[in-house]
Every structure is written in C-alpha cells, then in structure tokens.
Amino acid sequence: MPDISVVKNVLASQQVETPSWGYGNSGTRFKVFSQPGVPRTPFEKLEDAAKVHEFTGITPKVSLHIPWDRVEDYTALAKFAAERELKLGAINANVFQDDDYKLGSVCHPDPAVRRKALGHLLECVDIMDATGSSDLKLWFADGTNYPGQDDIRGRQDRLAEALNTVYERLGDDQRILLEYKFFEPAFYTTDVPDWGTAYAHCLKLGDKAQVVVDTGHHAPGTNIEFIVATLLREGKLGGFDFNSRFYADDDLMVGSADPFQLFRIMHEVAKNGGLDPATGVAFMLDQCHNIEAKIPAVIRSVMNVQEATAKALLVDSEALTAAQAEGDVLEANAVLMDAYNTDVRPLLAEVREELGLNPDPIAGYRSSGWAEHITETRADGQQAGWGA
Ligand code: AFD
Ligand code: MN
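Not measured: the values here are computed from a predicted model.

Caption draft 1: The arrangement of the environment of Asp286 in detail. Within the secondary structure, Asp286 is located in the loop between strand E12 (282-285) and helix H9 (294-313). Taking C-alpha positions, Asp286 is 18 Å from Ala198, a pair spaced 88 residues apart along the chain. Among residues more than four places away in sequence, those in contact with Asp286 are Pro19, Trp21, Glu179, Asp214, Asp241, Phe242, Asn243, Asp250 and Asp251.

This is how it looks when you write it as structure tokens:
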C-alpha cells in the first residue's frame with residue numbers, strides 16, 4: 001500500500017496554474033454574460049488569482065493571454081505578482097482574433113499575414129523574457145471550412161516554418177507548448193487537430209517543444225489517458241489545459257463532466273513520473289466560467305484536480321502490477337477502482353490543515369468577504385473579457 005506521508009507530501013507540493021482569462025467575463029458566440037466584481041485589468045486578475053492561491057495553497061502561477069493581458073510594463077506586472085506570492089506562468093499567444101486571420105495565421109496562404117502572425121509569436125517570447133515565463137503556449141485556430149479551400153500539406157509546411165523560427169528565438173530555459181484541438185473554429189480541417197500532428201512537429205523542432213493536452217480537445221470517447229501515457233513515454237508531454245466538456249464547448253470546470261476520466265489521466269501521470277517537478281509537466285486550467293461565480297469555480301476546479309491526484313496516488317501499484325503480470329483482469333481492475341472509490345476529501349482536508357489552510361477552501365473564500373469587496377470596488381470601468 002502507498003505510504004500516506006509520501007502521498008501527502010506530493011499533494012502539498014503539487015501546483016496548478018490558473019488562467020487569467022478565467023477571472024474575466026466570457027461566454028459563447030451567443031452571449032457573454034457579465035458578472036459583478038469582474039477584474040478590469042490584468043493587475044486585478046492577479047488579485048483574484050492571489051485569492052485562489054490564498055485558499056488552495058497550490059496555485060502560485062497564472063497564465064497570461066496576449067493581447068488580453070497586454071500592459072505597458074511586464075516587469076512591473078511580474079513584480080505585482082511576486083508581491084502577492086504569485087509568478088507569471090505560460091504566455092498564451094493569440095493569432096485568432098484579428099480580421100487578417102480569417103483564413104489562418106501562420107498557415108495563411110498570404111505570406112504577409114504569416115509574417116504578421118509570426119511577429120506576434122516573437123513578441124510573446126519578448127514578453128516571456130520580461131515576465132520570466134518559461135512556457136510559450138501556442139494554440140492555432142488555423143484551418144479550413146471547405147474541401148479544396150487550401151492545400152492541407154502546404155499548410156503543414158507553413159506551420160513548420162513558423163514554428164522553426166520561433167523555436168530558434170527561444171532562450172535556454174524557454175519552451176514551446178504546442179496545443180491541438182480536433183475542431184473549432186474551423187469546420188473542415190484544423191491545422192493542429194490531434195496529438196499526432198502536434199507530436200510530429202515537436203519531434204522535429206527539438207527538446208524545447210512539447211505537446212499540451214487540453215482535456216476538452218478530443219472527439220467524444222477518445223482515450224485521453226492513452227495519449228498521456230504515450231507522450232510521457234516519449235518525453236513530449238509539456239502540460240495540460242484542464243477543463244471539461246459534455247458536447248462541444250470545452251470550458252466547464254475540470255472533473256465536472258467525467259471525474260473517472262480525470263482520475264484515469266492522473267493515474268497515468270502519477271505512475272509515469274509526471275508529478276515529479278523535474279518532468280516539467282505544467283498542470284494548467286483553461287476554462288471560462290460563463291455563468292458560475294469565477295473565483296469559486298477556479299477553486300473548485302483546483303480541488304477536483306487534487307481529488308483525482310490523491311486517488312491516483314492511492315493506487316496500490318504493487319498489487320496492480322502483480323495482478324497485471326498474472327493476467328488477473330478482475331483483480332487488476334478492482335485495485336484501480338478501489339483507489340478511485342476512496343473518498344479522499346478527509347485526506348485533502350488534513351493536507352490543507354497541515355499547510356495552515358482552511359480545510360474547505362470554498363468555505364474559506366466565501367467567508368473572506370472578497371466577493372463583496374470586488375463587487376463594491378470594481379463597480380465602474382470596463383470589465384475584462386476575451387474580446388470575442
Ligand atoms: C481557446 C482554445 C485553446 C486555448 C485557449 C487559450 O480553444 O484551448 O488554449 O483558448 O488560448 O480555448
Ligand atoms: Mn486550451
């Protein structure tokens with residue numbers, strides 16, 4: 001059986017990165033619903049992220065999205081974060097919200113548009129130099145809507161050319177995290193649609209290019225844990241964008257749609273060294289809280305990741321390996337399900353108390369008065385959104 005003190009140490013040192021855009025207004029193509037107290041600036045987003053970290057104890061990093069989080073002085077933003085025990089995390093490029101990108105960005109048929117997109121990607125690396133970020137997260141909305149619209153292979157060549165140029169710009173401690181998505185916003189082809197395409201490009205680029213698995217970016221029924229185990233085996237799992245989906249939009253709280261799937265993913269992470277900080281797997285949230293209160297939703301999401309991780313750490317790996325070796329199907333499955341069916345909330349409450357935290361982070365946040373404070377003090381001005 002696992003050593004509980006080891007399990008608790010891993011849980012106490014685990015880190016989850018929260019997204020700046022998870023604190024701002026968001027919605028669907030039908031409507032963006034505003035909420036009271038929403039931040040108006042990247043600085044206020046960091047104030048909210050600091051609250052999440054205050055009550056979870058494991059979310060010191062915040063991903064930024066450029067241009068949504070554009071500021072005059074990124075060094076000052078990083079300092080503002082540090083004053084709140086935060087660090088700026090992945091820099092997310094955005095080459096999907098400009099009229100020029102209607103037919104794609106780095107895959108666009110017009111070299112002038114490709115140059116513009118590449119310029120943005122290189123600007124993001126400049127920002128990483130200022131913020132101290134190590135991760136450049138690249139998700140491309142590039143694709144086509146109709147057969148014949150563009151050359152499928154030619155677009156891969158254009159993508160590779162841009163990725164190569166960005167890769168050459170990276171500093172020694174920086175990396176590209178290339179993210180795939182099987183569809184949306186394009187309807188016929190997506191230029192980085194699956195893990196195989198992302199992996200192939202990262203393999204050619206080199207050691208400083210790895211794949212991001214966004215848990216909402218797969219066709220229904222996809223075995224995501226297989227992808228995770230395979231990328232870990234190849235040293236190409238750069239990180240996760242955690243979220244949930246029932247059908248298409250993938251912005252729901254991680255673990256809310258399928259906690260068993262999240263457990264199976266974290267089981268592969270835990271058993272294959274993915275929780276070791278040296279492996280460099282970034283556990284990021286990528287969610288939009290369209291109708292639910294944002295800060296508690298981020299806290300709940302972090303708790304869901306913690307619960308899946310705790311269950312994965314409780315798998316009796318010796319008994320599992322023995323049952324697998326003997327071909328004892330039922331026993332092997334039972335060992336895994338025994339861990340999954342364990343209520344780990346008391347264990348996590350203990351970990352939080354030992355960290356000097358409220359054992360119930362949501363209750364702690366609710367009684368903090370922060371929601372009332374931001375509703376009152378952020379009543380005017382332009383609320384932050386994601387400019388869709
Ligand atoms: C969108 C994309 C992708 C990306 C995120 C942040 O689908 O998941 O990671 O925006 O840029 O959700
Ligand atoms: Mn994502």
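Caption draft 2: Here's a closer look at the coordination of the manganese ion (ligand 2). Within the protein, the atoms that donate to the manganese ion (ligand 2) are Glu179 (OE), Asp214 (OD), Asp241 (OD) and Asp286 (OD), at distances of 2.1 to 2.2 Å. For the manganese ion (ligand 2), the six donor atoms in the first shell make angles of 73 to 166° at the metal, so the coordination geometry reads as octahedral. Counting gaps between the donor residues of the manganese ion (ligand 2) yields the pattern E-x34-D-x26-D-x44-D. One end of the pair, Asp214, is in strand E10 (residues 209-214); the other, Asp286, is in the loop between E12 and H9, and 72 residues separate them in sequence. Assessed through its relative accessible area of 13%, Asp286 is described here as buried.

Caption draft 3: Quick peek at the packing of helix H10 (residues 317-325) against helix H11 (residues 329-340). Across the interface, H10 lies against H11 with an axial gap of 8 Å and an inter-helix angle of 160°. The pairing of H10 with H11 is recorded here as roughly antiparallel in orientation. Our pair here, H10 against H11, has a crossing hand that is left-handed. Taking contact as the criterion, the partners of Ala319, Leu320, Ala323 and Gln324 in H10 are, on H11, Glu331, Ala332, Val335 and Leu336. A class-by-class count of the residues in the contact of H10 with H11 yields six nonpolar, one polar and one charged.

Caption draft 4: Representation of the site of ligand 1. The environment of ligand 1 is formed by Trp21, His65, Asn92, Lys137, Trp139, Glu179, Lys181, Asp214, His217, Asp241 and Asp286. For ligand 1, an oxygen atom lies 2.8 Å from a polar atom in the side chain of Lys181. Side-chain polar atom of Asp241 to an oxygen atom of ligand 1: 3.0 Å apart, as the coordinates give it. Considered class by class, the residues forming the shell around ligand 1 number two nonpolar, three polar and six charged.

Thresholds applied
- The residue numbering used here restarts from 1 in each chain and proceeds along that chain's sequence as written.
- Naming scheme: in the order in which they are written, chains are lettered from A and ligands are numbered from 1.
- A pLDDT threshold of at least 70 governs which residues receive local features in this predicted model, and a stricter bar of 80 or more applies before side-chain atom pairs are shown or counted, although totals over entire chains, interfaces and linings include all residues.
- As a rule here, side-chain values cover all heavy atoms of the structure and leave hydrogens and water aside.
- Only DSSP runs of H or I with at least four residues qualify as helices, and only runs of E with at least two residues qualify as strands; both kinds are numbered from the N terminus onward.
- Should any heavy atoms of two residues lie within 4.5 Å, those residues are considered in contact.
- Nitrogen, oxygen and sulfur within 2.8 Å of a metal are treated as its donors, or within 3.2 Å for sodium, potassium and calcium (Na, K, Ca); water is not counted, so a site can appear incomplete.
- Geometry is assigned from the angles between donors: four donors with all angles from 85 to 135 degrees make a tetrahedral site, four or six donors whose opposite pairs exceed 155 degrees while the rest stay between 65 and 115 make square planar or octahedral sites respectively, and everything else is labelled irregular.
- Each residue's exposure class comes from its accessible area (1.4 Å probe, protein chains only) as a fraction of the maximum for that residue type: buried when under 20%, exposed when over 50%, partly exposed otherwise.
- Axes here refer to lines fitted to C-alpha atoms; in helices the fit is confined to the stretch in contact. Angles between the N-to-C directions go from 0 to 180 degrees.
- Our angle categories are set so that under 35 degrees counts as roughly parallel, over 145 as roughly antiparallel, 65 to 115 as roughly perpendicular, and the remainder as oblique.
- By convention the crossing between two helices is left-handed if the near helix lies anticlockwise of the far one by an angle smaller than a right angle, and right-handed if it lies clockwise.
- Lys, Arg, Asp and Glu make up the charged group, whereas Ala, Val, Leu, Ile, Met, Phe, Trp, Tyr, Cys and Pro make up the nonpolar group; the residues left over, Gly among them, are polar.
- Whether a residue is near a molecule or strand depends on its heavy atoms: it is near if one of them lies within 4 Å of it.
- Polar contacts, as used here, are pairs of N or O atoms within 3.5 Å; protein pairs need one atom able to donate a hydrogen and one able to accept it. Residues neighboring in sequence count only if both atoms are side-chain atoms.

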